[in-house]
Amino acid sequence: EIQLQESGPGLVKPSQSLSLTCSVTGYTITSGYDWSWIRKFPGNKMEWMGYISYSGSTNYNPSLKSRISITRDTSKNQFFLQLNSVTTEDTATYYCARFDYWGQGVMVTVSS
Amino acid sequence: DVVMTQTPPSLSVAIGQSVSISCKSSQSLVYSDGKTYLHWLLQSPGQSPKLLIYQVSNLGSGVPDRFSGTGSQKDFTLKISRVEAEDLGVYYCVQATHFPWTFGGGTKLELK
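Bear in mind that the values here come from a model prediction, so they are computed numbers and not experimental data. (Residues numbered from 1 in each chain as written. Chains lettered and ligands numbered in written order. Predicted model: local features only at pLDDT ≥ 70, side-chain atom pairs only at ≥ 80, totals over all residues. Heavy atoms only, no water.)

Looking at this model, I keep getting lost on the state of the cysteines. Mind explaining?
Two cysteines joined by a covalent bond between their sulfur atoms form a disulfide. Taken as a whole and assessed by the stated rule, the structure comprises 2 disulfides over all chains. With a sulfur-sulfur separation of 2.1 Å, C22 of chain A is cross-linked through a disulfide to C96 of chain A. Every disulfide takes its handedness from the sign of the S-S torsion; for C22 of chain A and C96 of chain A that torsion is 65 degrees, giving right-handed. In this pair, C22 of chain A is assigned in strand β3 (residues 18-25) and C96 of chain A in strand β9 (residues 92-97), connecting sequence segments 74 residues apart. The two residues C22 of chain A and C96 of chain A agree in class, both being buried. Here C23 of chain B is linked by a disulfide to C93 of chain B, with a sulfur-sulfur distance of 2.0 Å. As the torsion about the S-S bond is roughly 75 degrees, the C23 of chain B-C93 of chain B disulfide counts as right-handed. (Disulfide = S-S within 2.5 Å. Helix = DSSP H or I, 4+ residues; strand = E, 2+ residues; numbered from the N terminus. Buried < 20%, exposed > 50% of the residue type's maximum accessible area, 1.4 Å probe, protein only.)

Pasting the structure below:
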């Protein structure tokens, strides 16, 4: 069974960087598919942040401009999100997903 | 960005009732390969989103056939026949044809 699990700090200070890890089991991330980070803001709004493909190419939401980076460690079957210069507007629940499989989500609060 | 307009924002239903949710996009969602990357997700309370329908009308794994998706180009509908208690939550349409991928605003399905 394919499982994704996010991990990382639940509290980040404004202007700092948010770093999350998605650990994937049951499927090798280099075998196929695009591996995304998606966030849900308080309320219902969902935003696709970007993905890293099975080949290692990336695609980001332009709304995040140069703040975002998605990388991977194929030896650990993990992929990562780094979001720089966070503000309170980045407070959200962050999911890693393959669309047909989702992690449980991690709530990140940006606050001093 | 492609704007996904989802209606209604909320629905109050009785068990056994049938309901439809509309999703309209600001651009055609037909990709250059001829496929339409319009999907439907359900986020049940306290759960991660789950893929219900992919590419307009294909049922996700384990999804009961009470769910059906129709539509083309810019106009799509999710229908739930004979709503059950487990169907309650927030439904999202999402397009993955154009970058950035974008979500509808969500439809909250509640019990009457």
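Honestly, the interface of chain A and chain B in this entry has me stumped. Any pointers?
Many structure descriptions define interface size as the accessible area lost when the parts assemble. Counting residues at the interface gives 19 residues for chain A, matched by 14 residues for chain B. Together chain A and chain B conceal approximately 1500 Å² of surface at their shared face, both sides included; 67% is due to carbon and sulfur atoms. The interface formed by chain A and chain B contains 0 salt bridges. At the boundary of chain A and chain B, one finds 5 residue pairs in polar contact (both at pLDDT 80 or more). Those elements that provide at least two residues to the side of chain A that touches chain B are β4 (34-40) and β5 (46-53) of chain A. (Contact = heavy atoms within 4.5 Å. Buried area = accessible area lost by both parts, 1.4 Å probe. Salt bridge = Lys/Arg side-chain N within 4 Å of Asp/Glu carboxyl O. Polar contact = N/O pair within 3.5 Å; in protein donor to acceptor, adjacent residues only side chain to side chain.)

Whenever I open this one, the pairing of strand β2 (residues 10-13) of chain B confuses me. Can you help?
Two faces, one strand: in a regular strand the side chains alternate between the faces of the sheet. Residue and element names in this part refer to chain B. Of the two faces of β2, only one is covered, namely that formed by L11 and V13; the face formed by S10 and S12 stays uncovered. Pairing analysis gives 4 bridges linking β2 to strand β11 (residues 107-111), with the strands arranged parallel. Each bridged residue has a counterpart across the sheet, and for L11 the counterpart in β11 is L109. (Pairing = 2+ DSSP bridges.)

In this structure, what is going on with unusual backbone geometry? I would like to understand it.
With glycine set apart, most residues show a phi of negative sign, and most peptide bonds adopt trans. The omega torsion of the bond from T7 of chain B to P8 of chain B falls at -5 degrees, within 30 degrees of zero and hence cis. For P8 of chain B, the position within the fold is in the loop between β1 (4-7) and β2. Between F99 of chain B and P100 of chain B the backbone carries a cis peptide bond, its omega angle lying at -5 degrees. Along the chain, P100 of chain B falls in the loop between β9 (89-95) and β10 (102-103). We note that Y33 of chain A has phi near 75 degrees; this positive angle belongs to a residue other than glycine. Here Y33 of chain A shows up in the loop between β3 and β4. Of note, F99 of chain A is a non-glycine position whose phi angle comes to about 70 degrees, a positive value. Residue position: F99 of chain A is located in the loop between β9 and β10 (106-110).

Got a minute to help me understand the pattern of salt bridges in this structure?
Two side chains bearing opposite charge may form a pair once their charged atoms approach each other closely. If you walk through the whole model with that rule in mind, you get 9 salt bridges over all chains. Of the charged contacts in the structure, one is a salt bridge between K108 of chain B and E110 of chain B, with a shortest N-O distance of 3.8 Å. Accessibility expressed as a relative area gives 39% for K108 of chain B, which makes it partly exposed. For E110 of chain B, a relative accessible area of 36% translates into the label partly exposed. In the salt-bridge network here, residues are joined through shared partners; they are R39, E47, R67 and D90 of chain A.

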